[in-house]
Structure formats: C-alpha cells, structure tokens
Amino acid sequence: MSNITASPAIGAPRSLSTGAIITALAVITVAALLPLMLSTYHLGLATEVLIFGLLAMSIDILAGFAGRTSLGHGAIFGVSTYVVVYAVMTAGLSPLVACLLGVLAATALGAVFGLLAVRTSGVYFLLLTLALGMIVWGICLRWTQVTGGENGLRGAIRPALLSDYRAFYWMVLAVTAVLSLAIWRFVRSPFGLTLRGIRDSDSRMRSLGYDVSLHLFIGFTVSGLFAGAAGAMYALFNSFVSPSTVAVSQSVEALLMTIAGGVGTLFGAFVGSAAIIALENIASSYTERWQTVLGVTFILIMIFAPEGIVGTIRALVARLKH
Amino acid sequence: MSNIILSLTDVEVAFDALKAVNGVTIAVPKGERRAIIGPNGAGKTTLFNAITGVIQPTSGQIVFDGHTITRLPPHKRARLGISRTFQITNLFPTLTVGDNMILAVRGLSPRKFSLFGSPDADAGEARRIAAALEASRMHERANIPVKELSYGEQRQLEIALALVTEPRLLLLDEPAAGLSPAERSIVAEIIRSLGRELTVILIEHDMDLALGLVDFVTCLHEGQVLVEEPPSEIRNDQRVQEVYLGKPRHA
Ligand SMILES: Nc1ncnc2c1ncn2[C@@H]1O[C@H](COP(=O)(O)OP(=O)(O)OP(=O)(O)O)[C@@H](O)[C@H]1O
Ligand SMILES: [Mg+2]
C-alpha cells in the first residue's frame, strides 16, 4: 500500500478539484434561481437549453470520447419523444411509465444503430448514422396510424404536479444535473477509458485484447439511453411530436451544439446548446431562414473556434497559466 | 511438437494479385529468440499481421500453443498470450503514459467493462505496470501525455505496452527503427533482459543489432522463406547477401 501511494498515481488526476466542485455548485444554484428572474417565455427557452444540452452531451460521449461523430442522435431522441406521447395519449399509461418506455425505446434504438455502425469510423460512421436516422424519420412520417404522419401526435401529457412551468423547469434541471454527473462519471470509468483508447487507436486496442466493436456497441447504447432521457423530457415539455423531431435537422442541430460547446468537453454541451438556442431566437425574429443562419454559424465555428467555446476558453486559460 | 509454441503451415496472404506472404512454413520453439529479416516489401510485417489476426491468411494454418488461430480475431489471439509492437508507432497519443499502460494491463481483465468504477490502477495493476515500465526503461514518465514523449521513448513505450500483460509470444516489428545508436542499444538491452519463458520474434533490418540478440534467423524474400539459419551462418550466406546485404538500404 505505502509504496503505491508514495509514487505519483498512475494516469491523469481524476477526482474533481475543489474549484470544479464549487463551479458546478455555483452553476446549478444560479440555474435553480432562474425561475425567479425569467419570464415564462425565457424560462421555456432555459428548459430547452437543458434538454438539448443533455442530448448534445450524449453525442459527446461518442464524438469526444470514442471519436465517432453521430448524425443519428436526433432520431434516437425523437423516438423517445414519440413513444412517450403515444404511450400517454393513445395507450393511456402514466407519464412516468411512458418516460421509462421512451428511454427504453431510445436505448434499444441506440443498440440497433450501434450494432450496424460499430464497424465503421470517420465519415462512414457519420453517413451510416445519418442514413439510419433518415430511415427512422421515414417510418415516423409514413406509419400514419401510430405516429399521426405529418400531423404528429399532440396532447397535454404533463402530470399535474409538473403543470406549473417553474416546477417543470426544476424537474428538468434536477434530472439533467443527475444525468450529466452520471455521464461525467461514465466517461471517466475504466470503460470510458477504453473508449478513449479506441478513439486514439483501435488497432492497438485490438492487439491488446479488446473487442473494439463490443466496446463501441456498449458506448452507443449508453449514449442512446441519455439521448432518450432528453427526448422523454422534451415530450413532457412540448406535448407534441412530429416527424421534424426525428428529422436530420434535429441531429444536425444537436451535433452543432456539441461542436459549438467543444467536442470532448462534456459540459460544453450546455454552453453550445445555450448559444445555438439563443442564436435561433434572435435570428428567427429577423429572418425565416434559420437553417441558413445555422449553416453559416457552423462554418464560422469550424474556421475560428474548431475546439468550440469551452475548448477555446480552456486553451486560453491554459496559455495564461504558463 | 510440444516444444513448438508457434507454427505456420503454408501460410499465404494475398492482396489481389500480390502474394505478400507466399507459402510460409516456420516453427518457433518455446523461449526462442527468432529474427525475421528480409528486404523492404519481403512480407515481414504482413506475416506479423497474419500471426496477430490483423489480416486473415488467404490460406494455410497457424497454430499457437496447441490452438488453431488461423481465423481468430486479434483480440482473441491477444487473450491466448500473443502480443506485438508496431513498425509505425501505434500508441494512444492523447493519453498519458500511465493511461496507456492501464489500457494495456486491462486488455485481458474484466475490469475494462466497469462502467462507473474508479479508473485508477489498483495495487496489482500498478505493480505490473511498474514492472513493465521498468523492463522497458520507462519508469518515472507515467504522468506525461504520450505525444510529448521523444520518439525514442515512444518506441520504448511500444514495448512496455506489449509486455505488461505478461504475454507468451512477443512480436517486435523493427523496434529500433529510426533510433539513434544510443537509443538502439537501450532497445537491445531491453530485449536481451527479457525472461526465457517468453518467446520473441524480432523483425529488424539492423544486422548487427538483430544477429547479436537471436538464436535463429528466418530470411524472407518476396513472401517466401529464403533461408533459415543460426546467426553465425547468416552473414556469410550467399543468397542472403544477394537479396539483402548486397543492397544496403539504411542511411
Ligand atoms: N494492406 C495492404 N494492402 C495491399 N498491399 C499491402 C498491404 N500491406 C502490405 N502490402 C504489400 O505487401 C508487400 C509486403 O509488405 P510488408 O509491409 O509486409 O513488407 P515488410 O517486409 O514489412 O517491409 P518493410 O521492411 O519495408 O517494413 C509490399 O509489397 C506491400 O506493399
Ligand atoms: Mg514492415
């Protein structure tokens, strides 16, 4: 024991520094106080920031830690939304059970995507997940008896307890905080380290005895679970779901949030989500062409801050410290 | 038979029309130090890829320690005790030396599946990591990101990663390529000090280095075994000189 602790611990420091804990608590406290300051409309936006931040974070598990960029997460997210709305409105289940079913469906879909995509990497992974997402979109559009086709599904599905928009926000904040902590813990687990190993060199991982496909499959499934949790909260938030919830644009927007925040920064997802949602709101009051604005934003980020907002700030802070 | 840990029978690896490995039959006894030499493009690395499962042979049979491994995926061969280094450095560049070693040591342990546990090395793992770093002269560098290591240190880490799981067969693909003379002698020293329970196959272009380390030499040429001899005879072998020594390749 003594000779282990005497030498410096092997590997990077892993426990949260006091500074990081204080920052996290401060951010959560401020976030918890927002309902006292914001209008209903702006609190709705803040709720969306949390929900989509969680989705962006689930993408970052794969993009930032396994080096696999998914363009299918909007579909995974949206399937959960569909299942929740359907389960409450048509099947008459309680919202809680519906949410669990939604997360389950998203996890299963993540597993299916994973099964098909794990043998690929780079642009092939991107295209394959894109294609899978489009299949899901096509099904949601055409399977009219269940999904309502283009009209989608609508209904007040929020439980009475959460009907107040403040209560709902606090619920979303609590769930998101717990789940992001879980994601943070997950990427720092021994399993999370194997994903980073695969990102750096899958051939070396194989030669060390790792079944790379299995690890990516597990990673994709876990990522799907968190995307599904975001999708379930979105169902309660929006009380409406249509094919646009599972559309490619949803995947692109969520991925853009991940990139804007900083791939591999994990919590940058919320910064990216806030930035994109703020921009969307400002832009949409001036122009109808939100997609164009989004595209231009994407290009600007790739040119001027490819490491994202949080990634760039981190790099600046690191440079100042030297 | 019992003495032979690795045997290849008529192994062929074809890339379209090119037979990179063309009917190779070799047998390596337990504990032997074997060099595989041969000019560029002779098929040495491809032979390693066939033994480790990176590439499946087009035909032929590979038996390791009584198991037919011809069609096994690489990670299953690693589990049987086959370990390798790469000609082109193949590490985890963004991770620290310590994390590289942790990944290596956990490749064969169920702990790699722990989803929420602590990622740090436990006492047993730390001991094995320390031993492998020590054996490859890499101790005291544990907390440095690999991309910040010198090339020579990266080559040493290549060996440390391959050693930490205590394999039974170690394949070294030009471990000293591109190193300074001083660094070469470190690598030679590392190889020389490996225990005899480990079988070592070494690909090396540097004759002085290779011949001083091994018991037996296989010379490949155009995917085929040209000669197999002890080191003392290789230097004077006419055929080897023709294909290999006669044409100096290193600056
Ligand atoms: N994946 C591949 N696809 C197609 N051809 C390949 C592949 N790998 C190797 N080759 C070809 O097979 C032949 C043998 O290559 P190999 O890398 O095994 O040679 P080598 O003996 O290791 O040479 P060197 O000393 O340069 O490392 C070469 O002609 C090479 O171009
Ligand atoms: Mg080679």
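Residues numbered from 1 in each chain as written. Chains lettered and ligands numbered in written order. Predicted model: local features only at pLDDT ≥ 70, side-chain atom pairs only at ≥ 80, totals over all residues. Heavy atoms only, no water.

Chemist: So what's going on with the domain arrangement of chain B? Which residues, and what values?
Modeler: Residues and elements named next belong to chain B. Under the domain assignment used here, chain B contains domain 1 (1-81 + 168-251) and domain 2 (91-166). With 19 residues of domain 1 at the contact, the number on the domain 2 side is 13 residues. Buried surface at the junction of domain 1 and domain 2, both sides included, amounts to about 1200 Å², of which 67% is carbon and sulfur. Three residues stand out in domain 1 for area buried against domain 2, namely Arg-79, Leu-170 and Ile-190, and they jointly supply 34% of the buried area on that side. Linking domain 1 with domain 2 are zero salt bridges, by the criterion used here. Inspection of the domain 1/domain 2 interface yields four residue pairs in polar contact (both at pLDDT 80 or more). Contributions of two or more residues to the side of domain 1 that touches domain 2 are made by α2 (74-80), β7 (169-173) and α6 (181-192). For the side of domain 1 that touches domain 2, the leading source of residues is α6, giving five residues. (Domains from an automatic or database assignment. Contact = heavy atoms within 4.5 Å. Buried area = accessible area lost by both parts, 1.4 Å probe. Salt bridge = Lys/Arg side-chain N within 4 Å of Asp/Glu carboxyl O. Polar contact = N/O pair within 3.5 Å; in protein donor to acceptor, adjacent residues only side chain to side chain. Helix = DSSP H or I, 4+ residues; strand = E, 2+ residues; numbered from the N terminus.)

Chemist: Would you mind going over empty space enclosed by the protein in detail, with residue names and values included?
Modeler: Overall, the coordinates contain one cavity of 30 Å³ or more when judged by the stated rule. There is about 50 Å³ of room inside the largest cavity. Taken together, Ser-207 of chain A together with Thr-52, Pro-74, Arg-77, Ala-78, Ile-82, Ser-83 and Arg-84 of chain B make up the lining of the largest cavity. Put simply, the parts of the chain that give the lining of the largest cavity at least two residues each are α2 and β6 (82-84) of chain B. Its residues assigned to classes, the lining of the largest cavity comprises three nonpolar, three polar and two charged. (1 Å grid on protein atoms, 1.4 Å probe; cavity = no way out; pocket = protein on both sides within 12 Å on 5 of 7 lines; lining within 4 Å. Points joined across faces, edges and corners; volume = space filled by probe spheres on them. Nonpolar A, V, L, I, M, F, W, Y, C, P; charged D, E, K, R; others polar.)

Chemist: Run through the site of ligand 1, naming residues and quoting values.
Modeler: Residues and elements named next belong to chain B. Ligand 1 sits among 14 residues. The nearest are Asn-40, Thr-45, Thr-46, Gln-87 and His-205. Between ligand 1 and Asn-40 there is a distance of 2.8 Å, counted from an oxygen atom to a side-chain nitrogen or oxygen. At a separation of 2.7 Å, an oxygen atom of ligand 1 approaches a polar side-chain atom of Thr-45. Here ligand 1 loses 61% of its free accessible area of 640 Å² to cover by the protein chains. Only β2 (18-29) and α1 (44-52) provide two or more residues apiece to the shell around ligand 1. In terms of residue count, α1 provides more of the shell around ligand 1 than any other element does, three residues in total. Residue classes in the shell around ligand 1 are distributed as five nonpolar, seven polar and two charged. (Near = heavy atom within 4 Å. Areas by Shrake-Rupley, 256 points an atom, 1.4 Å probe, with all protein chains shown as cover.)

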